[in-house]
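What follows is each chain in one-letter form.
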Amino acid sequence: MAIEVPDVRESFSQAIYTVTLGATPQEGGTRERLITVGGERALPFHHFDGEIPHPPVVAMEVWDIPPQDWPPVVRAPFQDVFDDPGEWAKKCVEEYGAALICLRLVGCDPNGANRSPQEAVQAVRRVLEAVKVPLIIWGCGVPDKDNDVFPSVAEAAQGENCLLGTITEDNYKTLTALATAYGHKVIAESPVDINIAKQVNILAMDAGFPLEGLVMYPSTAALGYGLEYVYTIMERTRIAGLRGDKLMAMPMLVDVGREVWGVKEARAPVEEQPEWGDERARGPFWEAATAYTYLLAGADILIMRHPEAVRATKLAIGKLMGEGA
Amino acid sequence: MEAQLSGKREYRVTFLPGGKEARVAARATLLAAAAAAGVELPSVCGGEGICGRCRLIVRQGQVEAAPTLHLSREEIKRGYVLACQAVVRGDAVVEVPPESRAGREAVVDLDAREFLAPEAEAGEKFPREPLVEKLFLSLPPPTLEDNLGDQERLFREIRRFRPAPILQAGLKVLQSLPALLRDSRWRVTATLAQRGGTVELLQVEPGDRAGTTYGAAIDVGTSTVVAHLIDLNSGETLDAEAKYNSQRAYGEEVTRRIIAAERQGPTRLQALVVEDINDLVSLMVDRQGIKLSDVVAVLCAGNTAMVHFLLRLPPGALRRHPYVAAALAPPPVRAAEVGIRINPRGLLYLLPGIGGWVGGDITAGILATGLHKCEGLALLIDIGTNGEIVLGSKDWVVACSASAGPAFEGAGVTCGMRASRGAIAQVEIHPTGVRYRTVGDAPPQGLCGSGLIDAIAGLFRAGYIDRAGRLRPDAKLVRERAGELAFVLVPAGEAPREIVITQRDIENALRAKAAIYAGVSILLREMGVRPRDLSRIYLAGAFGSHLDLRNAVTLGLIPDVPLERVHFLGNTALAGAKLALLSRTAWEEAQRIAAGVTYYDLISCPYYYDEFMAAKFLPHTDLARFPTVRGALRLGEPV
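As the structure is a computational prediction, the values presented were derived from the model and not from experiment.

J.: What is the right way to look at the overall build of chain B in this model?
T.: Along chain B, the regular secondary structure elements total 16 helices and 28 strands. Against the globule reference of 26 Å for 639 residues, chain B gives a C-alpha radius of gyration of 27 Å, in line with a compact fold. Counting only C-alpha atoms and orienting by the principal axes, one finds that chain B spans roughly 100 × 75 × 45 Å. Relative to its full complement of 639 residues, chain B shows a buried share of 52%.

Structure, rendered in structure tokens:
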């Protein structure tokens, strides 16, 4: 007599929303490659439980002004292209295989270079011309300035189906309205708090923005700096989404490079910390380890900086998705 | 003009209107000067410059004011200062603006009387057998055959009417007994008081005085003291009075008063609240033409800290982990011992508390609502600076205390005030404008808790605020004011001063409601109870006579259950106090309630913060918990 093995597979009632970024000329854009994330019906890489139709993707970071605070290890690969966001983006895509470009409008920060909306538009146009992958456009983070810059930026990228960020609990109306008007998606940011994460989504929805147009950004912490807090928030969010909470069923994004390259474990030169080893290996490793952890937490889009870390992360994604198996 | 007194400079400060004066040392604050002059100013923070309530206008003289964010540039130009942040540098004349007049002209604040109504319906009837009662007795005179002592003769007679295994009389009473019995020809009235298992013979009066037995039931609240004068024979409430707790000068919150008691000794805090009780009782007694000596009992329901102050128990441990009381169920004491002026042998009873932060007022609330005898599950929410939440039925009762902050009592809100005269207590907000109603139909002075609940619910319903409570900057009647958005409820022309709700006020109120709702929802979850399992929700609190229950649900303050199950009862502490005073059975039941309630510590709940954050949204992050609000407002959440 055959022994019946019980089916222990977990099945969830709902799939994560599928979000496609970029638009082809037929669709009103100029992209040659589109990126689709989301659609999971199982926890990260639990292929045995349900379908995971789209692998997580790595976006590489490009700035509108040459960065000052990047440590030498992560400056080196881009030293020659810092002055031109277009060339910079091109290098990321062509040499390092970035699936998307995240253009960060750091130069608009009123406490920094305080560049104008027109200058931001120029940077966006440069990147759109230089590469044919979809774009993430990330504001300077000062709400008033972002609300000042994004009207021109969103219009300049009209039809390109970019991912614009970020909206927060305090500042969501302008960007959701612009994204609706010019056909973009939006990043919903929350401060490592599952309730606020949901609240931001609700606010966007109440403002008339479709839930399917949102990507959640639960904040990010580098390895050693509260990563486990973010991890549990992401895990809870994903479980809630899979179990049927439509307000939590968005793909998630993590901003790995910015966090990692701000911590001393990644930055400190070996002369300062001899026992930590060569920073040229240590820094990228720190970024890759952080990224890998977030993959397991459910990240769909990872924004990264160092080419070596990107390579390692893409390799890991491939293996976790079962390539070569 | 300067006066030289004992080598120190003193200045004269005159307060308008009224012209009360004080002489104070140089560099004394105006708040201290006001206290010295007997001018009561509202001070929520106890003089730390945090609350911005003690507003004065300097008319003449030298006053040096520290910078403060609580006053606008315009107001500073007009001479406004905060009394606690302004020091006297010369003789000065200052005006107390209407919003700072706390109204202490009369012994009793007319304002506070608003707290008298309504009173909780009794959940249950108890037999009338007051804690202190008078018995008229006609004793058989002694004979050779019946030669019992005078005391034993009296006791024998008492026991014919009332079983009293242990009867005691004080020496004073015994000393006067032989003459009294004979002079009154053996017809006397005995006053008997229950003290635990003992019955004390408080006094013996000549003749029949059984018809003149009175007591006072008092709700000793952190902000308001409410007293009822009761005929202990008929159970009738003869009179009622209320006033603000004079301890407020030491801070609006209990913790600040405990700190003050620790620093300066507890005598002053005791004296203040005792004088409040004396004021109220003597006023009612005079008005009713009753002799003070016929008031034989006072029963107080108060939070645990108030009981400590009243009895001058050291309160320090209450505010330190693990928050232990000196006594939760103190024994009855001679009222005169603490300074309460009634019959010199009369007793002071205190309803037992449940824990350091759930006091006798909640025991009274449970007694009054009969929650502990409910067949179905009931919830009692007493909204105050600490929101106390009680859940239970005849089988079990659990209570917790949620630190809500004083927003619903009018503090921490720009134009907030208590539910007193001139307070906006009801608000309707329409796309076309605002309709409101004040307490006593007086000109609007500010916004009280019920008005705040109405206003925020109204703003939400009319689309002025989003679900996070953010004001829409482009909306009509929304203005920028001192760097933040504010909704103009009453324009300056219609009131002594403009009455607004600022963005921060809304946030404070949402924090308060979130703390209370989180407490409710944690208590329900820990006990495995769903809101729809609740057969009754009792709401109590210092809201005056009005609270719009629908708005309380819209705000997400209380669970979304059919409104017919929700009952607003007002002052349940007082209702319970009266029951206990009038019935030894009720008093004993209160002891059992207090001993039988399980205290749940919210702070140790691992998901408290999660629940709190989820509840900060309007009405809640999880709309499934508020189906009727979702339906009524057509909130578009996918199902």
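J.: It is not clear to me how the nonpolar core should be interpreted in this structure. Could you clarify?
T.: Side chains of a nonpolar character, in soluble globular proteins, are inclined to be buried together. Ala59, Leu100, Ile101 and Leu103 of chain A together with Ile218, Leu489 and Ala577 of chain B are the most contacted members of the largest nonpolar core, which has 279 residues in total. In terms of residue count, helix α11 (residues 503-526) of chain B provides more of this core than any other element does, 13 residues in total. Contact partners of alanine 577 of chain B, with chain neighbours within four places excluded, come to Ala217, Ile218, Asp219, Leu299, Cys300, Ala301, Leu351 and Ala364 of chain B. In terms of nonpolar packing, the next biggest core, distinct from the first, is built from 26 residues, Ala22, Cys84, Val88 and Val96 of chain B among them.

J.: Help me understand the interface of chain B and chain A in this model?
T.: By convention, interface size is frequently given as the accessible area that disappears when the constituent parts associate. Opposite the 12 residues of chain B that make contact, chain A presents 13 residues. Partitioning the side of chain B that touches chain A into residue classes produces 5 nonpolar, 2 polar and 5 charged.

J.: I would appreciate a short explanation of the domain arrangement of chain B in the present structure.
T.: Here the domain parsing of chain B yields domain 1 (3-100) and domain 2 (132-206). Inter-centroid distance (C-alpha atoms) of domain 1 of chain B to domain 2 of chain B is 59 Å.

J.: Would you mind going over the sheet that holds strand β21 (residues 433-438) of chain B with me for this structure?
T.: By definition, the strands of a sheet pair up through backbone hydrogen bonds, in either a parallel or an antiparallel sense. Residues and elements named next belong to chain B. In spatial order, the strands read β21-β20-β22; together these 3 strands make up an open sheet with mixed pairing. The open sheet has two edge strands, β21 and β22 (446-447), and neither has a second partner. Of the strand pairs in this sheet, strand β20 (residues 423-430) and β22 are connected by 2 bridges, and their pairing is parallel. If you follow isoleucine 424 over to β22, its bridge partner there is leucine 447.

J.: Sorry, what's going on with the packing of helix α4 (residues 143-156) of chain A against helix α5 (residues 173-182) of chain A here?
T.: Each pair of packed helices can be described by the angle between their axes along with the distance between the axes. Residue and element names in this part refer to chain A. In the contact formed by α4 and α5, the axes pass within 10 Å of each other and the chain directions differ by 10°. It follows from the interaxial angle that α4 and α5 lie roughly parallel. Two secondary-structure elements touch here, α4 through Asn147, Phe150, Pro151, Ala154 and Glu155 and α5 through Thr174, Leu175, Leu178, Ala179 and Tyr182. A breakdown of the residues in the contact of α4 with α5 according to their chemical character gives 7 nonpolar, 2 polar and 1 charged.

J.: In this structure, what is going on with the pairing of strand β13 (residues 237-244) of chain B? I would like to understand it.
T.: Each regular strand carries side chains that alternate between the two faces of the sheet. Pairing of strand β12 (residues 224-231) of chain B with β13 of chain B, which is carried by 7 bridges, proceeds in the antiparallel orientation. In the sheet register, leucine 229 of chain B faces β13 of chain B, and the bridge partner there is aspartate 239 of chain B.

J.: What should I look at first to understand the environment of phenylalanine 45 of chain A in this one?
T.: All names here are of chain A. Tracing the backbone through its elements, the reader meets phenylalanine 45 in the loop between β2 (35-38) and β3 (57-63). Take phenylalanine 45: there are 19 C-beta atoms within 10 Å of it, and that puts it in the partly exposed class. For the pair phenylalanine 45 and alanine 297, spaced 252 residues apart in sequence, the C-alpha separation works out to 10.0 Å. Look past the residues within four positions of phenylalanine 45 in its chain and what remains in contact with it is Ile52 and Leu320.

J.: Hey, could you run me through the sheet that holds strand β19 (residues 397-403) of chain B in this one?
T.: Residue and element names in this part refer to chain B. Reading across from one edge, β27-β26-β17-β18-β19-β28 is the order of the 6 strands in this open sheet, with mixed pairing throughout. Of all strands in the sheet, those bounded by a partner on one side alone are β27 (566-570) and β28 (598-599). Bridge count for strand β17 (residues 377-383) against strand β18 (residues 386-392) is 5 bridges, and the pairing is antiparallel. Bridge pairing in β18 places aspartate 382 opposite glutamate 388. In this fold helix α9 (residues 360-369) packs onto β17, β18, β19, β26 (534-541) and β27, with an angle of close to 135° to the strand it touches most, β17.

J.: What is the right way to look at helix α14 (residues 584-596) of chain B in this model?
T.: All names here are of chain B. Compared with an ideal rise of 1.5 Å per residue, which puts 13 residues at 18 Å, α14 spans 18 Å between its outermost C-alpha atoms and is within 8% of the ideal. Taken as a whole, α14 has its buried residues at Ala586, Trp587, Glu589, Ala590, Ile593 and Ala594. On an axial view of α14, the arc spanned by its buried residues comes to 160°, and they lie on one face. Close packing links the buried residues of α14 with α9 and α13 (572-582).

Definitions and limits used
- Residues numbered from 1 in each chain as written.
- Chains lettered and ligands numbered in written order.
- Predicted model: local features only at pLDDT ≥ 70, side-chain atom pairs only at ≥ 80, totals over all residues.
- Helix = DSSP H or I, 4+ residues; strand = E, 2+ residues; numbered from the N terminus.
- Rg over C-alpha atoms; globule rule 2.2 N^0.38 Å.
- Buried ≥ 20, exposed ≤ 12 C-beta atoms within 10 Å, placed from the backbone.
- Core = buried A, V, L, I, M, F, W, Y, C linked by C-beta atoms within 7 Å.
- Contact = placed C-beta atoms within 7 Å.
- Nonpolar A, V, L, I, M, F, W, Y, C, P; charged D, E, K, R; others polar.
- Domains from an automatic or database assignment.
- Pairing = 2+ DSSP bridges.
- Axes fitted to C-alpha atoms, helices over the stretch in contact; angles between N-to-C directions.
- Parallel < 35°, antiparallel > 145°, perpendicular 65-115°, else oblique.
- Expected span 1.5 Å × (residues − 1).
- Arc of directions from axis to C-beta.

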